[in-house]
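# Residue-level structure breakdown
What follows is each chain in one-letter form.
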Amino acid sequence: MCVLQKKYFFIFKLKKRTFVANVSKQCSSTDHKPTKSHTLSMLSSTRSLFVKYKSVNYSDGILLQWVSMLSHNLALAHHRSLMESGGPIKAGFVRRCQKKERVAVMQPANALGCAKSALLLFSIVILLPFYIQAQEATPKKRPTADVTVGSVVSLGGQAPFWLRARQYGTMPMATGTPPLLRLEASLHASYSADSVLKKTKKKWDWGYGISAVANVGAVSQVVVPEYYVKLKYRSFEGYIGRQREVVGLVDTALTMGAYSWSGNALPIPKVQLGFIDYTPLKFTKGLLAFKGWFAHGIFDNTFWVQHALLHQKQLYLRLGKPHWRVKLYGGVNHQVMWGGRSAFYTNNGKPPGDLRAYFYVVTGFRLSGEVANPLLTNFDATNRIGNHLGTVDVGATIDFDHSTLFGYRQSIFEDGSLYYLTSIIDGLNGVSWQNKRRNYKMVYLKKITAEYLYTKSQGGAVFGGTNLLRGKDNYFNHAQFKNGWSYMGRGIGTPFITPNADTQDRYPYNGFEFTNNNRVAVFHLAAEALVNRNINVTARGSWSSNLGNYDVPFPSQPQQFSGLFTCQVPTKWLGGSLLSASVAVDNGQLYQNSAAVWLSLKKVWK
């Protein structure tokens, strides 16, 4: 029988991590020869260590391949030694021969052999980290480019709701027919994976992006939804330009859209600074983490308002360490449209736009003792400066063994009603379940998201002189900024608060307001699945009840269903591309009934 007598250890230290490969010295009787599996385990952990580093891009990858080969050949040679001599060598390593072929050469089991082996091992352990660090010190940006060619065939004269909603303003408005031909091209360079995962000492990183969309048809247009440059120091980021974003606690993939900033409109150009990822507070030992940012932007010019400015900020906290099964989230996002020019409720055509006004914009405080100021109107003095809105969010994630559950709630504030809880019923509620199993079958369900949006309360139908009568919040409309919470004619927030132009002509509207339908109740269900391992399928359906608004209510309560089914299949065309097909439908009384098919082919270069 074999009895364990001694152990030898090879100790490697790479990038502050220590790895130990042990060698067991065994005796063998005449009846039990040592097996190959015993000896191959000698340096298995060492070999796996070097194989792990093969994924790093090097200008010369021979070194790592050589070291991996050495560790494997040493194990094989050690096995031969056991078989031939009946006992293990004390120490050994393998050197590369001068010939083209690589041959494993055993070192003798004596002091000189041990010294040579130790010297070679020491050299590799010391020099390899410097080689890795030298390669990482000069990273190269690897941009990703893609081109998408597609077409929409409509049966109802306009694109259905889910073909134009949350498309960052790239699809023509509902009043126009969808494009017969659509071309989209983009170029992006993201942060390196190591800097994002904090696996490197490199503190600085940068990226950029640009994309353009051309629609050809009854409504032809060219839009540029993204152009930005970003710079990151650790987890602190700054960027300038336009970038696709969603604001608030929400399942960004399958949501109907976050309430205040959903990706429904063309991104607003801005300068933004802040912490993009949850950053632990050291004094809490990682128990509490935060993220947030501060931004300044500019709106488009409209008939009603010109050169209006955007103030935007958010702050979110996470309670619980990253590896905890249960984590709690909470925070607030705040948006303000202010400054610029407007002919409504101003003395000289200019709403307050100086530094003093900016203080009240950022803090949300009311003016006090400024009624007599000739530059201010009674509207400015008795209301907050600018058009304020946002949400107070709470959420939680629960990690099970094979799935993750994410629940969230966005409570709306726009006119003070939330502070007094008169509009507490209004908000977006959602729950998302994600599958973590990887046992792919014929149909693999990846994610399911269900949401409910309610905005019918708005604090009640009366705006009176007491705090309990702070109603008629009139979401996304504003008396001074007549274009409302919109950019380039589209709602910035949830797409279910619709512009006047989207609803059927039979419904009344106030021509001095952005939306005639901000009192809605919407149930939304979406799912994503993988079919036959490589066909990605998503489906979403939304059912809404619509009341118009308090000032101009709808004579009836129109019901509406909007659905979308999408299938994406990877193909070998053009050396590898993605073929997509979507079917969208609108059926109800709010929008014009329509159906459309969207086909596209996308090619990506990395």
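That block above? That's the structure.
What comes next concerns the included structure. (Residues numbered from 1 in each chain as written. Predicted model: local features only at pLDDT ≥ 70, side-chain atom pairs only at ≥ 80, totals over all residues. Heavy atoms only, no water.)

Scanning the chain for helices and strands turns up eight helices and 26 strands. Expressed as a percentage of its 606 residues, the buried residues of the chain come to 47%. Taking contacts inside the chain between residues at least 6 apart in sequence as the whole, the part at least 24 apart equals 63%. Of the roughly 30,100 Å² of accessible surface on the chain, 62% is carried by carbon and sulfur atoms. (Helix = DSSP H or I, 4+ residues; strand = E, 2+ residues; numbered from the N terminus. Buried < 20%, exposed > 50% of the residue type's maximum accessible area, 1.4 Å probe, protein only. Contact = heavy atoms within 4.5 Å. Areas by Shrake-Rupley, 256 points an atom, 1.4 Å probe, with all protein chains shown as cover.)

Pairs of aromatic rings are described using the distance from one ring centre to the other and the angle between the two planes. Applying the stated criterion across every chain yields a total of 29 aromatic pairs. Geometrically, the ring pair formed by phenylalanine 275 and phenylalanine 290 is edge-to-face, given 5.0 Å between the ring centres and 65° between the ring planes. Of this pair, phenylalanine 275 sits in strand 8 (residues 270-280) while phenylalanine 290 sits in strand 9 (residues 288-298), and the two are 15 residues apart along the sequence. Taking 6.3 Å as the distance between ring centres and 75° as the angle between the ring planes, the aromatic pair formed by phenylalanine 344 and phenylalanine 512 counts as edge-to-face. Of this pair, phenylalanine 344 sits in the loop between strand 13 (341-342) and helix 7 (355-363) while phenylalanine 512 sits in the loop between strand 20 (498-499) and strand 21 (515-517), placing them 168 residues apart in sequence. A relative accessible area of 41% means that phenylalanine 512 is categorised as partly exposed. Put simply, the rings of Phe161, Trp162, Phe496 and Tyr591 touch in pairs and so form one group of aromatic residues. Over the face of the ring belonging to tyrosine 191 we find lysine 232, whose NZ or CZ atom lies 5.3 Å from the ring centre. Positioned above the aromatic ring of tyrosine 550, the side-chain terminus of arginine 519 is 4.0 Å from the ring centre. (Phe/Tyr/Trp six-rings, centres within 6.5 Å; stacked < 30°, edge-to-face > 60°. Lys NZ or Arg CZ within 6 Å of the ring centre and 35° of its normal.)

As a further point, take the pattern of salt bridges. Enumeration over the complete set of coordinates arrives at nine salt bridges. For lysine 447, the salt bridge goes to aspartate 251, with nearest N and O atoms at 3.1 Å. Placement of the pair is lysine 447 in strand 17 (residues 443-454) and aspartate 251 in the loop between strand 7 (236-242) and strand 8, with a sequence separation of 196 residues. Across the pair, exposure class does not vary: lysine 447 and aspartate 251 are buried alike. In this structure, lysine 327 engages aspartate 399 in a salt bridge whose closest nitrogen and oxygen atoms are separated by 3.3 Å. Placement of the pair is lysine 327 in strand 12 (residues 326-338) and aspartate 399 in strand 14 (residues 387-399), with a sequence separation of 72 residues. Through salt bridges with shared partners, a single ionic network connects Glu184, Glu226 and Arg244. (Salt bridge = Lys/Arg side-chain N within 4 Å of Asp/Glu carboxyl O.)

We now examine the nonpolar core. Counting residues in each nonpolar core, the largest one holds 55 residues, and the members touching the most others are Leu163, Phe299, Leu453, Trp485 and Ile492. Every element with two or more residues in this core is listed here: helix 5 (161-164), strand 9, strand 11 (309-319), strand 12, strand 15 (403-413), strand 22 (520-531) and strand 26 (594-605). Apart from residues no more than four positions distant in its own chain, isoleucine 492 is found in contact with Ser260, Trp261, Ser262, Gly263, Asn264, Ala265, Ile268, Phe299, Trp485, Ser486 and Tyr487. Among the nonpolar cores identified, the runner-up in size contains eight residues, and Val336, Tyr360, Leu376 and Ile385 belong to it. (Core = buried A, V, L, I, M, F, W, Y, C linked by side-chain atoms within 4.5 Å.)

Here we take up the side chain of asparagine 517. Note that asparagine 517 resides in strand 21. Assessed through its relative accessible area of 0%, asparagine 517 is described here as buried. Only 3.0 Å separates the side chain of asparagine 517 from the side chain of asparagine 546, close enough to count as a polar contact. Of the polar contacts made by the side chain of asparagine 517, one reaches the backbone nitrogen of glycine 548; its length is 3.2 Å. Apart from residues no more than four positions distant in its own chain, asparagine 517 is found in contact with Phe496, Ile497, Thr498, Asn546, Leu547, Gly548, Phe554 and Leu590. (Polar contact = N/O pair within 3.5 Å; in protein donor to acceptor, adjacent residues only side chain to side chain.)

So, about helix 7. Listing the buried residues of helix 7 in full gives Ala357, Tyr360 and Val361. With its buried residues spanning 105° around the axis, helix 7 presents them on a single face. Against the buried residues of helix 7 lie strand 11, strand 12 and strand 14. One or two steps after helix 7, the chain reaches glycine 364, where phi turns positive at roughly 80°. (Arc of directions from axis to C-beta.)

What follows is about the environment of serine 556. For serine 556, the location among the structural elements is in the loop between strand 23 (535-546) and strand 24 (559-571). Look at serine 556 and you get partly exposed, because its relative accessible area is 40%. When the C-alpha atoms of serine 556 and glutamine 589 are compared, they prove to be 9.7 Å apart, with 33 residues separating the residues in sequence. Once residues within four sequence positions are removed from consideration, serine 556 is found in contact with Tyr507 and Asn546.

Turning next to a nonpolar patch on the surface. Taken together, the side chains of Leu287, Leu319, Trp324, Val326, Leu328, Ile398 and Phe400 present a nonpolar region at the surface, about 570 Å² in accessible area. With respect to the secondary-structure elements, tryptophan 324 resides in the loop between strand 11 and strand 12. (Patch = residues over 30% accessible without salt bridge, like charges linked within 9 Å, V, L, I, M, F, W, Y side chains within 5 Å.)

What follows covers the pairing of strand 17. Bridging between strand 16 (residues 427-435) and strand 17 involves eight bridges; their strand directions are antiparallel. By the bridge assignment, tryptophan 433 is partnered in strand 17 with isoleucine 448. Sheet topology places strand 17 next to strand 22; eleven bridges connect them, and they run antiparallel. Within strand 22, the residue paired with tyrosine 452 across the bridge is phenylalanine 523. (Pairing = 2+ DSSP bridges.)

So, on to the pairing of strand 9. The sheet contact formed by strand 8 and strand 9 spans eight bridges and is antiparallel. Following the sheet pairing, proline 280 is matched in strand 9 by alanine 289. Alignment of strand 9 against strand 11, held across eleven bridges, turns out to be antiparallel. By the bridge assignment for strand 11, alanine 295 is matched with glutamine 312.

For tyrosine 168, which is not a glycine, the phi torsion comes out positive at approximately 55°. Checked against the element boundaries, tyrosine 168 lands in the loop between helix 5 and strand 4 (181-189). At asparagine 474, a residue that is not glycine, the phi angle is positive and equals roughly 55°. Summarising the element assignment, asparagine 474 is placed in the loop between strand 17 and strand 18 (486-487).

Let us now look at the environment of valine 219. With respect to the secondary-structure elements, valine 219 resides in the loop between strand 5 (204-216) and strand 6 (221-233). Valine 219 sits 46 residues away from methionine 173 along the chain, and the two C-alpha atoms are 8.9 Å apart.

Within the fold, glutamine 243 resides in the loop between strand 7 and strand 8. Residue classification places glutamine 243 among the buried positions, given a relative accessible area of 14%. Every residue in contact with glutamine 243, bar those within four places of it in the chain, is listed here: Glu226, Tyr228, Lys230 and Pro267.

With that settled, consider the side chain of asparagine 474. Judged by relative accessible area, which is 14%, asparagine 474 ranks as buried. Once residues lying within four places of it in the same chain are set aside, the contact partners of asparagine 474 are Glu414, Gln458, Glu513, Asn518, Asn549 and Asp551.

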